[in-house]
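# Residue-level structure breakdown
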Amino acid sequence: MDSTVPNCTSIGESFLFGGSGGEKESVKEVGKNDSNNGDREFVSGSGKVVRLRKRVNSSVENYGGSLWREDETYGININALLDKIESESASNGHHQDEKASNLHDNELWVEKWRPRRFIDLVGNEKTNRRVLRWLRQWSPAVFQESLPQPLYENEFDPLQRPAKRILLLHGPPGIGKTSVAHVIAKQAGYTVAEINASDERGGWQVRDKILNTLFNHTFNQSPVCLVADEIDGTLESGFIKVLIDVVNSDARATRKMGVPKKGKKNRDKLLLRPIIAVCNNLYAPALEKLKPLCEIVPFKRPSDFSLNERLDTICRVEGVKIHSKSLKDLIDLSQGDVRNCVNNLQFWATGTSSQASSSSMDTDPMGKDFSSSWYGLVNSIFQRDPHRESRDQLSSLSQQIELNGNYDRIVQGCHSIFPRVKYSDNGVIKPSRIADWLYFHDLMNKSLYQHNGELMRYCAAVPLQFAHMFGDIANKEDIQVKNSQYEFNELRKFTMDITNCIAHQTLKRSPAVQTFTSRQSLIFETLPYLDSMISADVSKCKNLKVKQAIYDNLAELLNFYQLNVVARNHDSLEGKKILSIDPPLDQIVLLDNKRKQEVLSKRPGSLNFLLAKFEENKARKRHVDQTMEKREREDEVRVKRSKTAMASGNTVDFFKTQYGINEPNKLDTEVPISKHQEDEIRTWVRYKEGFSDAVRKNVAWSSLWS
Amino acid sequence: MSLWVDKYRPRSLDTLSHNGHLTSVLQSISQQPRDLPHLLLYGPNGSGKKTRCMALLESIFGQGVYKMKIDVRQFVTPSNRKLDLNVVSSAYHLEITPSDMGINDRIVIQQLLKEVAQMEQVDFQESQDGLAHRYKCVVINEADSLTRDAQAALRRTMEKYSRNVRLIMLCDSVSSIISPIKSRCFMVRCPAPPNDETVNILNYVASKEKVQLESDEVLKVIAQESEGNLRKALLMLESMALCNEMQLKKSTPIIKPDWESVISKLATKIQKEKSVGCLVECRSFLYDLLAHCIPARTILQELTFALLRNSSNEKAKIAILQTSSIFDERLSLGNKPIYHLEGFVARAMCSM
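Presented here is an overview of the structure given in this document. All residue numbers refer to positions counted from 1 along the written sequence of the respective chain. Each chain gets a letter, beginning with A, and each ligand a number, beginning with 1, in the order they are written. Two thresholds apply to this predicted model, a pLDDT of at least 70 for residue-level local features and 80 or more for giving and counting side-chain atom pairs, whereas whole-chain, interface and lining totals are computed over all residues. With hydrogens and water stripped out, all remaining heavy atoms of the structure feed into the side-chain values.

Where helices and strands are cited, they refer to DSSP runs of H or I of at least four residues and of E of at least two residues respectively, numbered from the N terminus. When helices and strands are counted, chain B shows 14 helices and nine strands. Across the 352 residues in chain B, those meeting the buried criterion constitute 54%. Any pair of residues with heavy atoms lying within 4.5 Å of one another is described as a contacting pair. A separation threshold of at least 6 residues defines the contact pool for chain B, and within that pool the share at least 24 residues apart is 70%. Buried, partly exposed and exposed residues are distinguished by accessible area as a fraction of the type maximum, computed with a 1.4 Å probe on protein chains only: under 20%, between the cut-offs, and over 50%, respectively.

In structure tokens form, the structure reads like this:
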């Protein structure tokens, strides 16, 4: 018996999964194996079949493994691993199949097919690995196990945790962010504690809950990983504040770790459990403060291919026959939303299981409230199909537009591409006529902010007008819709910021002057003229006196508006630095291309002179200040000395008069003495001399008012 | 000092330059500082509203009004958001600019005015009759951008606290000021200086700054081009002087802000060509202008004037004016300036 060990797993499996028929199967299998590997089967006392396998010599069995160990660069045989996984998943799928047939009616496929292991995840492989890697970095702190070196380490943390303590996953709904968080946490050996929007997340309740989960030990073996789902709601600020507090107190605790504790009780706790947060909208205002503390991982929609593969598997296992084309339609319809796909698939399968035939039109009504993307729609507005009746086409367009509902985007798209499509027109009559409709759209869309958007529904008419006027058979190819509105907004914000910055600085410097210039006249008049003054080219000037005057004037201006001449990289010149004004005045003032070119070609020269002048003035001013200060200091000391001299003289006089020794010409001789003293007394006050640490120093008037 | 505009700004009522009758009105107001009414100064950009306002304050309170400081005040909106606002103030007055605070101007005005109103001034030794300093002045810049709510909030405050607060409001046009406010204010119109007065002022500044003038012609051109905007005229003079070695001849080219030259270029383009391609070019120009914070209505106005200047046909002129007024309405009612500006361009192309 010592040469064989019972293979217990097969017993377990047969107990778990074998019904009455399962046992029979295992006997059959044993028979097969028997011939191949030389296993033996025994019948136990209770009539069960126990299979015993001959222990094989380990050196032979691990042949591949030993080879790998000899050569470090060889790595693990990926094919062998894949084979193993495949065989496992095949057997698993088999079991799932059986389970599925039992639970067919009462479980949503979305739940049933929710990925359970890392390899089940669809798409986003790189991102998934990144999440896993982050979670693995916690292992030294949580499980006290060491990691292989290549997983990059955070050298500042004694516990070797990742630098950012929270992982923030964001992306559109339905692509498996929550699933990934769960699966990967499980894979890495954690128990998942989820807090989602259905839980009360305000105030102290959530604080207690989080602190309990994070800092208390659990009874089950595996440690907890906190998954905070859907944190971008507007009411979550309390919850987010708790998260921020936890991370901050952890940062403090980490800093204190090296330092021996003082008598005071240390309230800051080390964070030893990973936190994964999930949200849809990364730019929600509630997340503003949390974001810098997080490792942010964006999730993208899975590719159609991988999604198709997944749906195919589901169909095969569930026994649904579906045409590959309708599958594709289903994917198009959901725009990569895996959850929506699987949902739709289930209802489609249950609804039409009797009739296996399917056309693309059949799947249409099942989409959630939405159809093709807005840019696709915009292009289809301009493409007239010669084979369909125009009335029919318009009505289907109107249906799609209303389903999409993103009227503003659609109209904007139409507006941005209509000059590029082909249509017949006499001059610009059609564009001038569409302007009325754009006004109509503007008014209707404005109701969004005023009357609860009651009038929004009429917006759908405007894209139809576009279709009516500009739709043509000749438009076949899709035109890329550029979002110029966004760029425009960004640029505008940039200009606004610079103007505000300049206005603020000058206001701070001399409110009495700046208050006369409003923000608007700054943009309209002052800054453009200021710019042209600064760019004045004086180098050719013959008259030195005039030149000097101009430079003085300019230097004063620069100083007043707090503008600096700096060397800066420009986009169009690779790596070469040119002189320009900072804050970039030219960028907000110049519109003309010719003048913009001048900034690059002509200006740096004149600015160079200006810079030199500026520096010279500064140096001179410093010098003047210094001499002024020196003189003032001397004056002050002299005054003080003479005073003390006077005082001392008086005391002497006082005593002398007391004793009748009156010397009337004492004061005259006092003056040279005091002058003599002055030099000595210069070194009289020293830093840290005597009882106090205070510094005694003469302060000149000029330093107070500079 | 800095720019010539600021350097040669009159600081007291006696030195105010143009429109003498207005100065005499202000002087008579300042004779009896106790009876200073709430003032509403209105007039075009660069006509010296603020200068007059400060000069008036100076004549009432003395030089101290020019000693200004900024402090950051914090206000709390009803939705518990905190607002930081820079308030420029001297010992005798304070200034607010509604556009700094966006839609929350009502709260700021209420809180600020109440705060000022409920504090009685006690330091009034220096005035002649001992009562002049009983009140503090609040200067509201750009009063036409006050929201309706803010204006409504103002009107009761103006009466109730008139013992301690006097308002001086400055705005370009009174059309967006509600009538209750207008009736509570003494309205003073500050007209733009006529061209010959502008020339005089320019002449004075030029002689002070030792700019060599060949003749007055160039100053006349500057006055013409600045369209009554004294600030613009002075800036123009300074930049022209600096760019031309302090010598101005009759032939010296006028320097215009880029945005104006771009708009006039746009106008010639519209008149030259009517096609979709041209429309696309115009669109990029318009986007550029808007992105440089030039308000849409200003663009429309300038464009209309440029078109009118260029066209000789009387009929076309009327058509342009008509379209322009239609689209002006649309701009003020709608939210999306680019649609309407482009619509105007297309319509103008058609009407040519």
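Structure shown, so let's carry the discussion forward.
Like charges within 9 Å and nonpolar side chains (Val, Leu, Ile, Met, Phe, Trp, Tyr) within 5 Å are joined into patches, using only residues over 30% in relative accessible area that form no salt bridge. We get accessible surface area from the Shrake-Rupley algorithm with a probe of 1.4 Å; when it comes to residues, only the shown protein chains can shield them. Between Lys or Arg on one side and Asp or Glu on the other, a salt bridge is scored when a side-chain nitrogen of the former is within 4 Å of a carboxyl oxygen of the latter. Residues Ile78(A), Leu81(A), Leu82(A), Ile85(A) and Ile119(A) make up a contiguous nonpolar surface patch of roughly 410 Å² in combined accessible area. Its place among the elements puts Leu82(A) in helix H5 (residues 78–103).

Residue and element names in this part refer to chain B. In spatial order, the strands read E2-E3-E4-E5-E6-E1-E7; together these seven strands make up an open sheet with mixed pairing. Sheet topology places strand E2 (69–76) and strand E7 (186–189) at the edges, where each strand pairs with a single neighbour. Between one strand axis and the next, the sheet turns by 25° as a mean value, whatever way the strands run. Note: two strands are recorded as paired if DSSP finds a minimum of 2 bridges between them. Here four bridges tie strand E1 (residues 39–42) to strand E6 (residues 165–171), and the two strands are oriented parallel to one another. Bridge assignment links Leu41 to a residue of E6, and that residue is Leu170. With axes taken as lines fitted to C-alpha atoms, and helix axes fitted only over the stretch in contact, angles between N-to-C directions fall between 0 and 180 degrees. Seen against the sheet, helix H3 (residues 49–61) touches E1, strand E4 (93–96), strand E5 (136–140) and E6 and runs at an angle of roughly 160° to E6.

Before going further, it helps to examine the packing of helix H16 (residues 374–382) of chain A against helix H18 (residues 407–417) of chain A. All names here are of chain A. One way to put it is that H16 packs onto H18 with a least axis distance of 9 Å and a crossing angle of 50°. As the angle between them shows, H16 and H18 are arranged oblique. In terms of crossing hand, the pair formed by H16 and H18 is right-handed. Two secondary-structure elements touch here, H16 through Trp374, Leu377, Val378, Asn379, Ile381 and Phe382 and H18 through Arg409, Ile410, Gly413, Cys414 and Ile417. Taken together, the residues of the contact of H16 with H18 break down into eight nonpolar, two polar and one charged. Comment on the angle field: the value is read as roughly parallel under 35 degrees, roughly antiparallel over 145, roughly perpendicular from 65 to 115, and oblique elsewhere. Working rule for handedness: look at the near helix, and if it is turned counterclockwise from the far one by less than a right angle, call the crossing left-handed; if clockwise, right-handed. In this classification, the charged set is Asp, Glu, Lys and Arg, the nonpolar set is Ala, Val, Leu, Ile, Met, Phe, Trp, Tyr, Cys and Pro, and all remaining amino acids, among them Gly, are polar.

The subject of this paragraph is the nonpolar core. By nonpolar core is meant a set of buried Ala, Val, Leu, Ile, Met, Phe, Trp, Tyr and Cys residues that side-chain atoms within 4.5 Å join together. Judged by nonpolar contacts, the single largest core of 69 residues is most densely connected at Phe382(A), Phe466(A) and Phe470(A). In terms of residues, this core owes the most to one element, helix H11 (residues 276–291) of chain B, which gives nine residues. Setting aside its immediate chain neighbours within four residues, Phe466(A) contacts Ile381(A), Phe382(A), Cys414(A), His415(A), Phe418(A), Ile434(A), Leu438(A) and Gly471(A). Tyr529(A), Met533(A), Val546(A) and Leu248(B) belong to the second-largest nonpolar core, a separate cluster that totals 58 residues.

Residues and elements named next belong to chain B. On the secondary structure map, Glu120 appears in the loop between helix H4 (105–117) and E5. Judged by relative accessible area, Glu120 falls into the partly exposed class, the value being 39%. For Glu120 and Asn164, which are 44 residues apart along the polypeptide, the C-alpha to C-alpha distance reads 6.3 Å. Once you skip the residues sitting within four places of it in the chain, Glu120 turns out to touch Arg134, Arg163 and Asn164.

Another point: H11(B). By this rule the span expected of a helix is its residue count minus one, scaled by 1.5 Å. Helix length check: H11(B), at 16 residues, gives a terminal C-alpha distance of 22 Å against a target of 22 Å (1.5 Å per residue), a fit within 8%. Listed in full, the buried residues belonging to H11(B) are Val276(B), Cys278(B), Leu279(B), Cys282(B), Arg283(B), Leu286(B), Tyr287(B), Leu289(B), Leu290(B) and Ala291(B). Among the structural elements, H18, helix H19 (429–450) and helix H21 (484–509) of chain A together with helix H10 (258–272), helix H12 (296–310) and helix H14 (337–351) of chain B are those in contact with the buried residues of H11(B).

Below, the discussion takes up helix H9 (residues 177–187) of chain A. Burial in H9(A) covers these residues: Lys177(A), Ser179(A), Val180(A), Ala181(A), Val183(A), Ile184(A) and Ala185(A). Looking at the residues trailing H9(A), positive phi occurs at Gly189(A), about 95°.

Residues and elements named next belong to chain B. Within the element layout of this structure, Thr157 appears in helix H5 (residues 148–160). One polar contact links the side chain of Thr157 to the main-chain carbonyl oxygen of Ala153, over a distance of 2.8 Å. Not counting chain neighbours up to four residues away, the residues in contact with Thr157 comprise Leu113 and Ser162. Counted as a polar contact is a pair of N or O atoms within 3.5 Å, where, for protein atoms, one must be capable of donating a hydrogen and the other of accepting one, and residues adjacent in sequence contribute only when both atoms are in side chains.

This part covers the interface of chain A and chain B. Listed by partner, the interface residues are 70 residues for chain A and 70 residues for chain B. Computed with a 1.4 Å rolling probe, the buried area is the accessible surface lost when two parts are put together, summed over both parts. Of the roughly 6,400 Å² buried at the junction of chain A and chain B (both faces included), carbon and sulfur atoms supply 63%. Three residues stand out in chain A for area buried against chain B, namely Phe516(A), Tyr529(A) and Leu591(A), and they jointly supply 14% of the buried area on that side. At the junction of chain A and chain B, the tally comes to 18 residue pairs in polar contact (both at pLDDT 80 or more).

What follows covers the pattern of salt bridges. When the charged atoms of two side chains lie near each other, side chains of opposite charge can form a pair. Residues and elements named next belong to chain B. Scanning the entire structure with this criterion turns up 21 salt bridges over all chains. Across the salt bridge formed by Lys7 and Glu209, the nearest N and O atoms sit 2.8 Å from each other. Of this pair, Lys7 sits in helix H1 (residues 4–7) while Glu209 is found in the loop between helix H7 (195–208) and strand E8 (212–213), placing the two residues 202 residues apart along the sequence. Accessibility expressed as a relative area gives 13% for Glu209, which makes it buried. For Lys49, the salt bridge is made with Asp172, and the minimal N-O distance between the two is 3.5 Å.

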